[in-house]
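Commentary on secondary and tertiary structure
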Amino acid sequence: MSLARAIISGDLAELPSRREEDWRWSDIRALVRVLPETSPAFEGELPPGPFDGLADETVEIVNGGGPAEIALAAGVKRVVALRYVARGAGSHPSKLAIRLGARAELVLLESREGEADYVTQADLAITLGEGARLERIVLATEGDGAVAVSRAEVGLSPSASLAQTVVTTGARRQRLETRVAHAGGGACARLDGLYLVGAKRHSDITTVVVHEGPDGTTDQLTKGVAADQGRGVFQGRIEVRPGADGADARMGHHALVLSERAEVDAKPELEIFADDVACSHGNTIGALDEEALFYARQRGIPEAEARAMLTEAFLGAVIERIEHEGARKVVRAFVASRTGDLA
Amino acid sequence: MLSIDNLHVRVADAEILKGVTLDVPAGEVHAVMGPNGAGKSTLAYALAGRPGYEVTAGSARLDGADLLDMSPDARAAAGVFLSFQYPVAIPGVPALTFLRTALNAQHKVRGEAEVSAPDFLRLVRARAGELKMDFDMLRRGLNVDFSGGEKKRMEILQMMTLSPRLAILDETDSGLDIDALKIVAQGVNAMRAPDRAMLVITHYQRLLDHIRPDKVHVLAAGRIAASGGPELAHELERAGYDRYASAA
C-alpha cells in the first residue's frame, strides 16, 4: 500500500490503513475519501524559503513538478536548498534521485512548505558513494489540511556517512519516513528528529535502518512535544543482519505531552542477528517538569514564558547536533518561535 | 515588612502549618529553627506559592500586599526570593540565560528598564567573584553537574542579582563544607539592608554563627513554639528540640 500509488492509480484501496502494522497510528485510508486531481503546474512567484541565502543553489519542486535528479560528481562539495512547495488543493506526487559520487559532500537544506489542503507523496532515492557525506536537514511546515508523506531511501557505500535532522510541525496527517541501508562496511548514519504538534496536527517520524555490512554506526535521537490535540508518532527500527558484525546502534526517543488530549505513540525496535554488536535504545514520554517550572516562576519568570523556555530547552539537544551552522540557527529560531504557542 | 498571621497550610490532605504567626520588620534577619517535620520548608514554599501547598486560613503580607493572592512569579516580582533547599537543574538553559530572563521579567512587571547584556554580565561577574564561583560554569546548563556547594552558591548569586525585598533561605547550610558555608554566609550578610527582610530557615545552629539573626523562632508541630534573641539558638543547640517535640 502506498499513498503515491493511490494518487497515480486513483484507487482508494491502495491507501495505507491501520490494518498494516506499520501504519496503525497514521491511517490515511480512513481520512482520504476522494483523491483530488493532480495539481496543475504552478506559475506564480514563490515566497521566500526558510533556508534562503545559505545554499549554493536552490532546487524547487512545486506541486510535484521539478527536476528528477540532483547529482554530485566524485569529490564535489555543495550546499543545495531543496524546496517542496504545495500551492493548491490537488495531489502532488514526486520522485527525486540524489546521487553522490565517491567522497562528494552535500548539505541538503530541504523544506516542505505548504498551504491549504493537498495530498502529497515525495519519494527520494538517495545513494552515497564510497566515503561520501550527506547532511540532510528537513524543515516541514505543511498546511493544516495536508496529507503528506515523504519517503527517503538511502543507500550507504563503505565509509559513507549520512547525518539527518527532520524538524516538523506535522500536518492533518503526515509521515516522514527514512530507510537507510548500511550496505557497505564502516558507514555511519545519524538520524535525528524533532516534532512539535499542536492543534489537531499529526506527525509520524518513521525510520528503518538495516545493517548489512560490518562495523556500521547508527545514532538516533528524536525529541518531540505534543500539545492540545496533537499527536506524535515515532517508529524506529534497527535491523542488524547476519554478518553485520561490529555494528554500533543507539536510538533515543523522548517526548513531552503537554495536554490531556495530546498523544504520543512510540515503537522502538531492535532486531539483532550478528555478533559483537553494541545496541541500545531509550524511550521516555512524560510531562513538563513541575519542579523546574515552579523554580523558574519563583525567580519571576511568568508561567507561559517558563513553559516555553523549558520546552525549548528539552528540544535543544537535537538542534545542537545539526552540523551546518546556518541551518542550526534557522532551526533554533524556528523552534523558539513555535514553542510559545505549544507550551 | 513580612507579616504572617495565623497561617494554616495543607499539603496532600495533611495539615502541616497550624496557625503560624510571625512578623519580620524591614532590616531584620530572623531565623526559623525546628526539628525535622516541623513544617519549616512548608512555610517557605507556602510563602513562595508552590502549587500543592494549600492555604486554608490566615494571611501573609509583604508591605501590606496580600502575597497569597499572587502567582509565584508575581510574588517574585513583588520581591519574594526563596533559596531552595534542593535547587533544580535545568539542562539546556545556561545559568546566565536563566538569570537574565528572570531579572528582566521582574523588571518588566515593575515597569523598570531592561538590563542590557553588558550591564548584566558586569553585575554577575562581580557577584560571582565575591562568591568565588567559576564564571564559565554559568555558561553551562543551570545547576547541571553542579556540586551541592556550587548549587547553594548559585542560589546566593541569584539572590544578589535579583535583589529581593524578602529573602527566604531554606536550609542553605545543608550540604556545605565549612569554607563554602563562610562564603555563603558572607554573601547573605552583604545583603542585609534597611529595606530588606530575611528569613533564615535552618535545623542547626552552625549557620547562625556566621549569620547573626535579630530574632530566633522555634517552629514545632506547625506552630511557633517559642521566640527569642540569638541566645535561643545556642540553647537549642545545647538542649535539643525534645522539649518542643513533647509539647506538640
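Residues numbered from 1 in each chain as written. Chains lettered and ligands numbered in written order. Predicted model: local features only at pLDDT ≥ 70, side-chain atom pairs only at ≥ 80, totals over all residues.

1. Quick look at the overall build of chain B
Broken down by element type, chain B carries eight helices and twelve strands. Relative to its length of 248 residues, chain B is compact, with a C-alpha radius of gyration of 18 Å against a globular reference of 18 Å. If you line up chain B on its principal axes, its C-alpha atoms span 55 × 40 × 35 Å. Counting only residues that meet the buried cut, chain B has 42% of its 248 residues in that class. (Helix = DSSP H or I, 4+ residues; strand = E, 2+ residues; numbered from the N terminus. Rg over C-alpha atoms; globule rule 2.2 N^0.38 Å. Buried ≥ 20, exposed ≤ 12 C-beta atoms within 10 Å, placed from the backbone.)

2. Examining the overall build of chain A
Within chain A one finds four helices and 17 strands. Radius of gyration (C-alpha) of chain A: 20 Å, near the 20 Å computed for a compact globule of 343 residues. Expressed along its principal axes, the backbone C-alpha trace of chain A runs to roughly 55 × 50 × 45 Å. Counting over 343 residues, chain A shows a buried share of 50%.

3. Description of the interface of chain B and chain A
Taken residue by residue, the interface counts 21 residues in chain B and 18 residues in chain A. Within the residue set of the side of chain B that touches chain A, elements represented by two or more residues are helix 2 (72–78), strand 7 (90–94), helix 3 (95–109) and helix 5 (148–162) of chain B. Residue composition of the side of chain B that touches chain A, grouped by class: 14 nonpolar, five polar and two charged. (Contact = placed C-beta atoms within 7 Å. Nonpolar A, V, L, I, M, F, W, Y, C, P; charged D, E, K, R; others polar.)

4. Re the sheet that holds strand 10 (residues 197–202) of chain B
Strand pairing in a sheet relies on backbone hydrogen bonds. The paired strands run either parallel or antiparallel. All names here are of chain B. Strands sit in the order 6-9-10-3-11-12 across an open sheet of six strands; the sheet is mixed. Across the chains shown, the open sheet's two edge strands, defined by having one partner strand only, are strand 6 (80–83) and strand 12 (223–228). Strand-to-strand twist in this sheet, taken as the mean axis angle between neighbours without regard to direction, amounts to 20°. For strand 3 (residues 29–33) and strand 11 (residues 215–220), the ladder comprises four bridges, and the chain directions are parallel. Paired with Ala31 across the bridge in strand 11 is Val216. (Pairing = 2+ DSSP bridges. Axes fitted to C-alpha atoms, helices over the stretch in contact; angles between N-to-C directions.)

5. Regarding the environment of B:Ser227
Residues and elements named next belong to chain B. Note on placement: Ser227 falls in strand 12. Among the residues examined, Ser227 registers 15 C-beta atoms within 10 Å and is labelled partly exposed. Placed 195 residues apart in sequence, Ser227 and Val32 show a C-alpha to C-alpha distance of 9.2 Å. Leave out the neighbours within four places in its chain, and Ser227 touches Lys215 and His217.

6. Brief notes about the environment of A:Val331
Residue and element names in this part refer to chain A. Take Val331: it is sitting in helix 4 (residues 325–342). Here the alpha-carbon distance between Val331 and Pro50, two residues 281 residues apart in the chain, equals 9.1 Å. In this structure Val331 touches Ile137, Leu139, Val167, Ile319 and Ile322, once residues within four positions along its chain are discounted.

7. Things to note about the packing of helix 2 (residues 290–298) of chain A against helix 3 (residues 303–320) of chain A
Residues and elements named next belong to chain A. Close contact between helix 2 and helix 3 brings their axes to 9 Å; oriented N to C, the two are set at 130°. When the interaxial angle is binned, helix 2 and helix 3 end up oblique. The hand of the helix 2/helix 3 crossing is right-handed. Contacts between helix 2 and helix 3 involve Ala292, Leu293, Ala296 and Arg297 from the first element and Glu303, Ala306, Arg307, Met309 and Leu310 from the second. Of the residues in the contact of helix 2 with helix 3, the class split is six nonpolar, no polar and three charged. (Parallel < 35°, antiparallel > 145°, perpendicular 65-115°, else oblique. Left-handed = near helix turned anticlockwise from the far one by under 90°.)

8. Some remarks on the sheet that holds strand 1 (residues 2–11) of chain B
All names here are of chain B. Ordered by their spatial adjacency, four strands build an open sheet running 2-1-4-5, and the pairing between neighbours is antiparallel. Every other strand in the sheet has two partners, leaving strand 2 (14–24) and strand 5 (65–66) as the edge strands with one partner each. With eight bridges connecting them, strand 1 and strand 2 associate as antiparallel partners. Each bridged residue has a counterpart across the sheet, and for Ser3 the counterpart in strand 2 is Asp23.

9. Here's the deal with helix 4 (residues 117–130) of chain B
For helix 4 of chain B, spanning 14 residues, the distance from its first C-alpha to its last is 20 Å, which sits close to the expected 20 Å at 1.5 Å a residue. Positive phi shows up at B:Lys132, right after helix 4 of chain B, with a value of about 55°. (Expected span 1.5 Å × (residues − 1).)

10. Quick notes on the confidence of the model for chain B
Residue and element names in this part refer to chain B. Of all residues in chain B, 98% attain a pLDDT of 70 or more, and the chain-wide mean is 93. Mean pLDDT across the elements of chain B bottoms out in helix 8 (residues 242–247) (68) and peaks in strand 6 (98). With a pTM of 0.90, the predicted complex shows an ipTM of 0.96. (pLDDT = per-residue confidence, 0-100.)

11. A look at the pairing of strand 14 (residues 231–240) of chain A
For a regular strand, the rule is simple: side chains alternate between the two faces of the sheet. All names here are of chain A. Strand 14 sits mainly inside the fold: nine of its ten residues count as buried. Pairing of strand 12 (residues 202–211) with strand 14 involves ten bridges; the strand directions are parallel. In the sheet register, Val210 faces strand 14, and the bridge partner there is Glu239. As paired elements, strand 14 and strand 16 (residues 263–272) share ten bridges and run parallel to each other. Paired with Gly232 across the strands is Val264, a residue of strand 16.

12. Observations concerning the nonpolar core
Ranked by internal contacts, the top residues of the largest apolar core, which has 171 residues, are A:Leu109, A:Leu156, A:Val331, B:Leu47, B:Val80, B:Ile168 and B:Val200. It is helix 3 of chain A that contributes the most residues to this core, eight residues altogether. Each residue touching A:Leu109, except ones within four places of it in the same chain, is listed here: A:Phe51, A:Leu54, A:Ala55, A:Val79, A:Ala81, A:Leu82, A:Ile137 and A:Ala327. (Core = buried A, V, L, I, M, F, W, Y, C linked by C-beta atoms within 7 Å.)

13. Quick notes on the packing of helix 3 of chain B against helix 5 of chain B
Residue and element names in this part refer to chain B. Viewed as axis vectors pointing N to C, helix 3 and helix 5 meet at an angle of 30°, and their least axial separation amounts to 10 Å. When the interaxial angle is binned, helix 3 and helix 5 end up roughly parallel. In terms of crossing hand, the pair formed by helix 3 and helix 5 is right-handed. The segment helix 3 lies against helix 5, with Ala95, Leu99, Ala102, Leu103 and Gln106 engaging Met154, Gln158, Thr161 and Leu162. Here the residues of the contact of helix 3 with helix 5 are counted per class, giving six nonpolar, three polar and no charged.

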